[in-house]
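These are the residues of each chain, in order.
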Amino acid sequence: MVRKAVILAGGMGTRLAEETEFRPKPLVEIGGRPILWHIMKIYSSFGINEFIICLGYKGYAIKEYFANYYLHMADVTFDLADNSMEVHRGRAESWKVTLVDTGLETMTGGRVRRVRDYIGNEPFCLTYGDGVADVDVGRLIEHHITNRRLATVTAVRPPGRFGALEIENSRVSNFREKPLGDGGWINGGFFVMEPGAIDYIEADHLPLENEPLTNLAADQQLTAFHHDGFWHPMDTIRDRTHLEKLWATGEAPWKRW
């Protein structure tokens, strides 16, 4: 039974510096809600409502966001004369959120290692705090359980960023706007892991994507769940603008709730 999702939310987001100078990347908004909220809603739509969030850069801002979550989601009247507050139509999620300071310089693997005590002895989901997808988390978990490996990674095809030209003797024979990447599969996050997979992370300085996953693969303990649907990271302002447009036009594929 998978009950918890770990979200990596401690990076500095330097490629999105226009937004992350004053707030952590997971709090950058799409449609007026942090991308972190969107990711949690994806998991919640599959019945996963316990979250362990690995904090680092400007982690206090994420703590403040959840400390005031009820107010963020409600209409409020402040009576300044008597210093009172009345909350109207408050809405809350059925979430249990554990926020863990995993260090400013800690790498992704080290962050997972630091929250081990909060994970317990059951398999858990794990993803990055800066990407959304319409991945079927239920099928992903079934795939993990069926294959009986320590870890499962969701394999995705990267979105194209430029129009592709097919040229014959200086004549453009075909133009494809923003095709998929070169056809290869890449790490799309949205992992499922057994607690034993954390044993492959030996120190804080290890990125999850280097020795830990490489050694899991070498030991035949890593399986892939192929996802052909929508997946998009938010690495740059261009990415954020694209995701914002999808949300504003009601065409956000990741919205399953």
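This one's a predicted model, so the numbers in the text were calculated from it and none came from an experiment.

So, how was this worked out
Residues numbered from 1 in each chain as written. Predicted model: local features only at pLDDT ≥ 70, side-chain atom pairs only at ≥ 80, totals over all residues. Heavy atoms only, no water. Buried < 20%, exposed > 50% of the residue type's maximum accessible area, 1.4 Å probe, protein only. Helix = DSSP H or I, 4+ residues; strand = E, 2+ residues; numbered from the N terminus. Arc of directions from axis to C-beta. Contact = heavy atoms within 4.5 Å. Phe/Tyr/Trp six-rings, centres within 6.5 Å; stacked < 30°, edge-to-face > 60°. Lys NZ or Arg CZ within 6 Å of the ring centre and 35° of its normal. Salt bridge = Lys/Arg side-chain N within 4 Å of Asp/Glu carboxyl O. 1 Å grid on protein atoms, 1.4 Å probe; cavity = no way out; pocket = protein on both sides within 12 Å on 5 of 7 lines; lining within 4 Å. Points joined across faces, edges and corners; volume = space filled by probe spheres on them. Nonpolar A, V, L, I, M, F, W, Y, C, P; charged D, E, K, R; others polar.

Those residues of helix 3 (residues 59-67) not exposed but buried are Gly-59, Ala-61, Ile-62, Tyr-65 and Phe-66. In a view along the axis of helix 3, the buried residues occupy a sector of 155°, so they form one face of it. The inward-facing, buried residues of helix 3 contact strand 1 (4-9), strand 3 (33-34), helix 2 (35-44), strand 4 (50-55), helix 4 (69-72) and strand 7 (96-101).

Another aspect to go through is the packing of aromatic side chains. One pass over the full model with this rule turns up 11 aromatic pairs. Taken together, a centroid distance of 5.9 Å and an interplanar angle of 35° make the contact between Tyr-43 and Phe-190 tilted. Placement of Tyr-43 in helix 2 and of Phe-190 in the loop between strand 13 (186-187) and strand 14 (191-193) is noted, with a sequence separation of 147 residues between them. Residue class for Tyr-43 comes out buried when judged on its relative accessible area of 0%. Taking the relative accessible area as the measure of exposure, Phe-190 reaches 1% and is therefore buried. A centroid spacing of 6.0 Å and a plane angle of 20° characterise the contact between Trp-247 and Trp-254, whose relative ring orientation is stacked. Ring pairs connect the aromatic residues Trp-37, Phe-230, Trp-247, Trp-254 and Trp-257, which therefore count as one cluster. In this structure, Arg-33 packs its charged tip against the face of Trp-37, placed 5.7 Å from the ring centre.

A few words on the pattern of salt bridges. Scanning the model with the defined rule gives nine salt bridges in all. A salt bridge links Arg-3 to Glu-122; the nearest nitrogen and oxygen atoms lie 3.2 Å apart. Residue Arg-3 is located in the segment before strand 1, and its partner Glu-122 is located in the loop between helix 6 (116-119) and strand 8 (124-128); the two are separated by 119 residues in the primary sequence. Taking the shortest distance from any N to any O, the salt bridge between Arg-113 and Asp-204 comes out at 3.5 Å. Pair noted here: Arg-113 is in helix 5 (residues 108-114) and Asp-204 is in the loop between strand 14 and helix 8 (211-218), with a separation of 91 residues, a long-range link. On the accessibility criterion, Arg-113 (36% relative accessible area) is partly exposed. Residues joined in a network through salt bridges with shared partners are Lys-25, Asp-130 and Asp-235.

A few words on the layout of surface pockets. What the largest pocket holds in volume is close to 750 Å³. If you go around the largest pocket, you meet 34 residues; those closest to its centre are Gly-11, Arg-15, Lys-25, Tyr-128 and Asp-130. Elements that contribute at least two residues to the lining of the largest pocket include exactly strand 1, helix 5, strand 8, strand 13 and strand 16 (231-233). Class assignment of the residues belonging to the lining of the largest pocket gives a composition of 14 nonpolar, 12 polar and eight charged.

Turning next to unusual backbone geometry. The phi dihedral of Asn-83 is positive, around 55°, even though this residue is not glycine. Among the secondary structure elements, Asn-83 is positioned in the loop between strand 5 (75-79) and strand 6 (84-88). Exposure remark for Asn-83: the relative accessible area of 71% places this residue in the exposed category. Even without glycine at this site, Phe-190 takes up a positive phi of about 45°.

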